[in-house]
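Chain and residue survey
Spelled out from the first residue to the last, the chains are:
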Amino acid sequence: MGKFLVRRLVNYVVLIMLATTFAYLLAATTLSPRVNYEERSPRPTEEQVDQRLDELNLNDKTPLAERWVVWASGVAKGDFGKTVTGTPVNDEIERRVWVSLRLIIVGTVLGSVIGVAVGAYAAVKQYRLFDKASTAGAFFVLAVPAVVIALSLQVFATMFNQAVGAQVFVYNGEGTLGLEAGFWGTLWDRLKHMILPTLALALAQFAAFSRYQRNMMLDVLGSDFVRTARAKGLNRRDALLKHALRTALIPTVTYFTFTFGVMMAGTTFTEKIYNWNGMGSWVVDSIVTNDVHAVAAVSCFMAVCIMAASFLSDILYAWLDPRVRVS
Amino acid sequence: MSMSAEHAALEADPGHGGADEVRVSGRWVNVLRQMLATRRVIVGLACIVLLTAMAWIGPLFNPWEFGERDYSAFLQPPSPDHLWGTDDTGRDIFVNTMVGLQKSIVIGILVAVLSTFIAAVVGAFAGYFLGVTDRVLMWITDLALVLPSFLILAILYPALRDKGWVVFVILLAAFMWMVTSKMVRGMTISLKEREYVLAAHYMGVPAWRIIFRHIIPNMSSLLVVDATINVSAAIITETSLSYFGFGVQPPDVSLGSLIAAGSRSATTHPWLFVFCTGLLVVLVLAVNLIGDGLRDALDPQSKHRS
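Since this is a predicted model, take the numbers as computed values, not measurements. (Residues numbered from 1 in each chain as written. Chains lettered and ligands numbered in written order. Predicted model: local features only at pLDDT ≥ 70, side-chain atom pairs only at ≥ 80, totals over all residues. Heavy atoms only, no water.)

Right, let's talk about the overall build of chain B for a bit. Scanning chain B for helices and strands turns up 13 helices and zero strands. In sequence order, chain B lays out its α and β elements as α-α-α-α-α-α-α-α-α-α-α-α-α. Here chain B holds 306 residues, and the buried ones make up 49% of them. When contacts within chain B are restricted to residue pairs at least 6 apart in sequence, long-range pairs at least 24 apart make up 69% of them. As displayed, chain B offers around 14,600 Å² of accessible surface, 66% of which is attributable to carbon and sulfur atoms. (Helix = DSSP H or I, 4+ residues; strand = E, 2+ residues; numbered from the N terminus. Buried < 20%, exposed > 50% of the residue type's maximum accessible area, 1.4 Å probe, protein only. Contact = heavy atoms within 4.5 Å. Areas by Shrake-Rupley, 256 points an atom, 1.4 Å probe, with all protein chains shown as cover.)

Much of the literature gives interface size as the accessible area that the parts lose upon coming together. Listed by partner, the interface residues are 45 residues for chain A and 35 residues for chain B. For the pair chain A and chain B, the two sides together bury roughly 3,500 Å², of which 81% comes from carbon and sulfur. If you sort the residues of chain A by the area they bury against chain B, Leu15, Phe139 and Ala143 of chain A come out on top, with a joint share of 15%. One can count zero salt bridges joining chain A with chain B. Looking at the side of chain A that touches chain B, the elements that each hand over two or more residues are α1 (2–30), α6 (129–142), α7 (146–164), α8 (182–221), α11 (268–273), α12 (279–288) and α13 (292–320) of chain A. In terms of residues, the side of chain A that touches chain B owes the most to one element, α1 of chain A, which gives nine residues. Its residues placed into classes, the side of chain A that touches chain B shows 33 nonpolar, eight polar and four charged. (Buried area = accessible area lost by both parts, 1.4 Å probe. Salt bridge = Lys/Arg side-chain N within 4 Å of Asp/Glu carboxyl O. Nonpolar A, V, L, I, M, F, W, Y, C, P; charged D, E, K, R; others polar.)

The next subject is the packing of helix α4 (residues 93–129) of chain B against helix α8 (residues 178–191) of chain B. Residue and element names in this part refer to chain B. Contact geometry of α4 with α8 gives a least axis separation of 7 Å together with a crossing angle of 40°. If you check the angle between α4 and α8, you find them oblique. Judged by the sense of rotation from one axis to the other, the crossing of α4 with α8 is right-handed. Taken together, the residues of α8 that come into contact with α4 (itself represented by Ala119, Ala120, Val122, Gly123, Ala124, Ala126, Gly127 and Tyr128) are Thr180, Ser181, Val184, Arg185, Thr188 and Ile189. Grouping the amino acids of the contact of α4 with α8 by side-chain chemistry returns eight nonpolar, five polar and one charged. (Axes fitted to C-alpha atoms, helices over the stretch in contact; angles between N-to-C directions. Parallel < 35°, antiparallel > 145°, perpendicular 65-115°, else oblique. Left-handed = near helix turned anticlockwise from the far one by under 90°.)

Residues and elements named next belong to chain B. All told, the structure shown has 18 aromatic pairs over all chains when counted by the stated rule. Judged by centre distance (5.5 Å) and plane angle (90°), the rings of Tyr128 and Phe129 are edge-to-face. Since its relative accessible area comes to 9%, Tyr128 is described here as buried. Residue classification places Phe129 among the partly exposed positions, given a relative accessible area of 38%. For Lys192, the ring lying beneath its charged end belongs to Tyr128, and the centroid distance is 5.6 Å. (Phe/Tyr/Trp six-rings, centres within 6.5 Å; stacked < 30°, edge-to-face > 60°. Lys NZ or Arg CZ within 6 Å of the ring centre and 35° of its normal.)

Residues and elements named next belong to chain B. Within helix α10 (residues 207–215), the full set of buried residues consists of Ile210, Ile211 and Ile215. Looking straight down α10, one finds that the buried residues subtend no more than 100° of arc, so they occupy a single side. Against the buried residues of α10 lie α4, α8 and α9 (195–202). (Arc of directions from axis to C-beta.)

All names here are of chain A. Throughout the structure, instances matching the rule amount to 16 salt bridges over all chains. Arg214 serves as the salt-bridge partner of Asp131, at 2.7 Å between the closest nitrogen and oxygen. Highlighted residues: Asp131 in helix α6 and Arg214 in helix α8, separated in sequence by 83 residues. The class of Asp131 is buried, set by a relative accessible area of 3%. Overall, the relative accessible area of 5% leaves Arg214 in the buried class. Residue Lys272 pairs with Asp285 through a salt bridge whose shortest N-O separation is 2.7 Å.

Our next topic: the environment of Ser134 of chain A. Position of Ser134 of chain A relative to the elements: it lies in helix α6. Once you skip the residues sitting within four places of it in the chain, Ser134 of chain A turns out to touch Val118 and Ala122 of chain A.

The subject of this paragraph is helix α11 (residues 220–243) of chain B. All names here are of chain B. The terminal C-alpha atoms of α11, which comprises 24 residues, lie 34 Å apart, in line with the 34 Å expected from a rise of 1.5 Å per residue. α11 sits mainly inside the fold: 19 of its 24 residues count as buried. Positive backbone phi, at 85°, marks Gly245, one or two positions downstream of α11. (Expected span 1.5 Å × (residues − 1).)

As a further point, take a nonpolar patch on the surface. Together, Val6, Val10, Val14 and Leu18 of chain A together with Trp139 of chain B line one region of the surface with nonpolar side chains, adding up to about 390 Å² of accessible area. Residue contributions to the nonpolar patch peak at four residues, all from α1 of chain A. With respect to the helices and strands, Val14 of chain A occurs in helix α1. Its relative accessible area of 34% is what places Val14 of chain A among the partly exposed residues. (Patch = residues over 30% accessible without salt bridge, like charges linked within 9 Å, V, L, I, M, F, W, Y side chains within 5 Å.)

Residue and element names in this part refer to chain A. Mapped onto the elements, Leu56 comes out in helix α3 (residues 46–56). The class for Leu56 is buried, based on a relative accessible area of 4%. Between the alpha carbons of Leu56 and Trp71 there is a distance of 10.0 Å; along the sequence they are 15 residues apart. When residues no more than four places from it in sequence are discounted, the contact partners of Leu56 are Tyr37, Lys82, Thr83, Val84, Gly86 and His293.

Dropping the structure here:
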């Protein structure tokens, strides 16, 4: 088992390295940081631009292989180079990861917990009104792309604000810039900024998890061990909660782990629409600003997250489900 | 899967089970009957047909051409003159949305068919030959899974934008086949031990023909369901990319680029936003309903869930 895991990990590391290199080469050949300097006034001379780009290791006049060697030797030491503005990419990652985490933790946990509860209850009440309503709701939300969810919430918030005549919902940025309101004031301000993007994330998660949990629960409800639990005299509630739900939660937990990893850099739309400067919005920002090193760093980060997520969810599954462990 | 369906067909048709003539209705006839008995599929199909008819026939009855500007009506709300209003350059929203809808439907279907085809071929070859072929193909699959597709598409497509939207279809499909191909590989490994495959093999049928004649057709139910689900996935990806300006480029329009244009003034001029968003949601919902119903009709295990 240990040897198998190590081999898989090595395989993952190689895949991540390749993916990052591919992203770097693609970005370095198609994006042109030189363009960023052309619109400045006064327009810098070509020598100045060359000098600046050389400092950043982004000069397209240097052969690609040479630039790649400099970049790769930096990455090998854990340094992802500099952004187009000259700040270290590593600092930027650190800052953005926290922004994204704040959003994702609350959003996914909220969405999945409510989704699991609703899905499990719907399975118990199969074909009743609650089941039909929740299924219809989940189907509807699943058909709405993340972009549209985020935008629609924004539109509703704006209309609500206009109707009330006060700024109840805020939907721009992580916090008010230059706000001085003490600790509690700042916290409140941050919370207010979090509500809508978190809701946008949680809604989509809710729909996915409630569908998933309902199916898992229905598979379990008809099984022998639940019948046995009832037959040995457990009341319905205990049999459902302790025997059925617990078993049906195993695949959901692994699904959650996987989703969380994928979300780490996959909240591009929500972050971008609500102007949060997290990892997700960096995907778009780095391309728009021709930031080659940032593109490579984001790709690496996403690859690591996806790999870690699938690895962890596999291990977790084997750990939680004895049937998998045996085979 | 196919055996159980035939078995079900036998059981469902006891009346014709004479002593020497057992009539089994064909698998697809059976599936079709089951599908049509599901209300979800009917609703979904009706929506799709309606939307398709609207997208292609609707503009014919509209007095305004695509790209035509009405200089007497900028940003006008819906009126008898312009059914769904006009945008800030006087273009008719109805025609714009219909053309965008056409593009979204076409892109969705093409991408789904293409990506499912790639998945079937890659997965079947990897599962049939195993060994080195399998290693190499699965390794490529893993690499494609790890690459952040949105980022790659967003960088690549603008570089190739003058090649037109067909390139966009190919690029989208190139990043959607991986998961299915892994499933196909798993099924192929078990299918290749079946007698009919072995018989074909011993009769000297070349491997590629076994794959295309015996293996892939026997997974058709999985592939059909997958293709249907991919249609909505492709439409959503296309919308998202186009929203950020990385997808369909002007003068072409798609639902995504229309939503992007309309979202900026959604509160002040709702008609720019509401119609394209609503159509998109209905389109994806309809496709999802069909996919879900199909999966239930084809997979006997999921019967009790619907």
